[in-house]
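Remarks on the overall topology
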Amino acid sequence: MFRQFHIDFQPLSKNSPELPVVDLSRIYASPHTLGLILTYHVNYGLSARRTAALMQDVHGVAISHQTILNYENSVALLLKPYVDHYPYELSDQFCGDETYIRVNGKWHYLFFFFDAVKKIVLSYRVSPNRDTASAIQAINDVLLKMEEIPENLTFVVDGNPIYLLAQHFFAQNDISFDVKQVIGLTNEDPISTEYRPLKQIIERLNRTFKGNYRSTQGFGSDHGSVSFVTLFAAYFNFLRPHASLEGKVPVVNPKLSGLPTMPARWTKLIELAQRWIVEQRSA
């Protein structure tokens with residue numbers, strides 16, 4: 001099968017990370033207050049309005065919901081290059097799926113790709129389209145996080161044909177991997193029977209995200225949706241304990257795990273991201 005792709009995209013193009021210019025010292029909230037806001041808004045999935053009310057009623061901090069959204073955007077801009085370029089230690093089991101989110105009154109698609117063993121979110125792309133280009137970019141996010149592409153690389157996905165088309169696109173660029181498609185809700189074929197457990201793992205990630213996203217009732221802009229999803233990926237990878245990992249977080253960092261509270265961990269994660277950006281600029 002040959003297909004000509006008209007996509008202006010170069011796979012595995014390891015460009016220098018985009019390093020934001022974000023001065024969090026200009027945020028009027030203290031680091032602890034910022035950590036509290038992120039804990040309520042991201043960890044517990046409270047809307048910006050409910051987070052603002054909680055900060056006022058419980059902590060006596062007067063803050064508007066718009067200011068919380070502004071903080072969200074600033075912190076996400078800072079954390080994104082750190083999350084995307086972190087040297088993750090990966091397994092050999094990867095799965096992907098897409099789910100719906102509401103952006104500016106319209107349905108968009110969130111493409112997750114996930115290390116099913118290490119429980120690490122490797123791609124979290126928001127797109128207005130459920131198309132081949134989006135699938136290609138999401139898979140490319142995963143490939144960029146590998147030191148080298150293994151010979152037996154396999155992605156477990158649903159029956160959407162965009163993933164097979166993405167496979168052909170990469171093959172035309174001399175990048176090979178297998179795609180296993182789990183079809184429907186019942187095991188009607190051998191591949192679905194063998195690989196459904198991995199498909200169920202990515203579906204649980206979708207449900208976890210939806211639990212955090214639901215109270216937002218959608219996003220008012222593309223930028224806002226990307227910011228929230230970025231913060232969710234940072235929380236999931238670095239801060240959220242997993243029962244399947246014996247209560248550990250996917251990416252164990254002693255500088256984070258040794259802190260007693262979640263607001264303190266958010267503050268330290270922001271500090272680590274800032275330090276990483278400074279190091280990249282001076283390299």
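Here the structure is a predicted model, which is why all the values come from computation and not from measurement.

1. Topic: the packing of aromatic side chains
A complete count under the given rule lists 24 aromatic pairs for this structure. Each ring, one from Y88 and one from F238, has its centre 6.2 Å from the other, and the planes form 45 degrees; the classification is tilted. Remark: F238 occurs in helix α7 (residues 222–238) and Y88 occurs in the loop between α3 (65–85) and β1 (94–103); sequence separation between them is 150 residues. The same class applies to Y88 and to F238, which are both buried. Taken together, a centroid distance of 6.1 Å and an interplanar angle of 70 degrees make the contact between F113 and Y163 edge-to-face. One end of the pair, F113, is in strand β2 (residues 106–115); the other, Y163, is in helix α5 (residues 162–172), with 50 residues separating them in the sequence. Residue F113 shares its accessibility class with Y163, and that shared class is buried. Here the basic side chain of R102 rests over the ring of W107, its NZ or CZ set 4.7 Å away from the ring centre.

2. Observations concerning the environment of V83
Tracing the sequence through the fold places V83 in helix α3. Along the chain, V83 and F238 lie 155 residues apart, while their C-alpha atoms are 9.0 Å from each other. Sequence-distant contacts of V83, that is, excluding residues within four places in its chain, are made with Y88, Y124, K145, A234, N237 and F238.

3. Structural notes on the nonpolar core
Residues F112, F155, F209, F238, W266 and L269 are the most contacted members of the largest nonpolar core, which totals 86 residues. Considering every element that reaches this core, the biggest residue donor is α7, with nine residues. Setting aside anything within four residues of it in sequence, one finds L269 in contact with L79, Y82, A234, F238, L239 and L256.

4. Notes on helix α1 (residues 31–43)
Taking 1.5 Å of rise per residue, 13 residues should cover 18 Å, and α1 covers 17 Å from first to last C-alpha, within 8% of that figure. Among the structural elements, α2 (48–59), α3, α6 (190–213), α7 and α9 (262–282) are those in contact with the buried residues of α1. Just downstream of α1 lies G45, where phi reads positive at about 65 degrees.

5. A closer look at the environment of N104
Note on placement: N104 falls in the loop between β1 and β2. By relative accessible area, which is 56% here, N104 ends up exposed. Beyond its immediate chain neighbours, meaning those up to four positions away, N104 contacts F219, G220 and S221.

Calculation notes
- Residues numbered from 1 in each chain as written.
- Predicted model: local features only at pLDDT ≥ 70, side-chain atom pairs only at ≥ 80, totals over all residues.
- Heavy atoms only, no water.
- Phe/Tyr/Trp six-rings, centres within 6.5 Å; stacked < 30°, edge-to-face > 60°.
- Helix = DSSP H or I, 4+ residues; strand = E, 2+ residues; numbered from the N terminus.
- Buried < 20%, exposed > 50% of the residue type's maximum accessible area, 1.4 Å probe, protein only.
- Lys NZ or Arg CZ within 6 Å of the ring centre and 35° of its normal.
- Contact = heavy atoms within 4.5 Å.
- Core = buried A, V, L, I, M, F, W, Y, C linked by side-chain atoms within 4.5 Å.
- Expected span 1.5 Å × (residues − 1).

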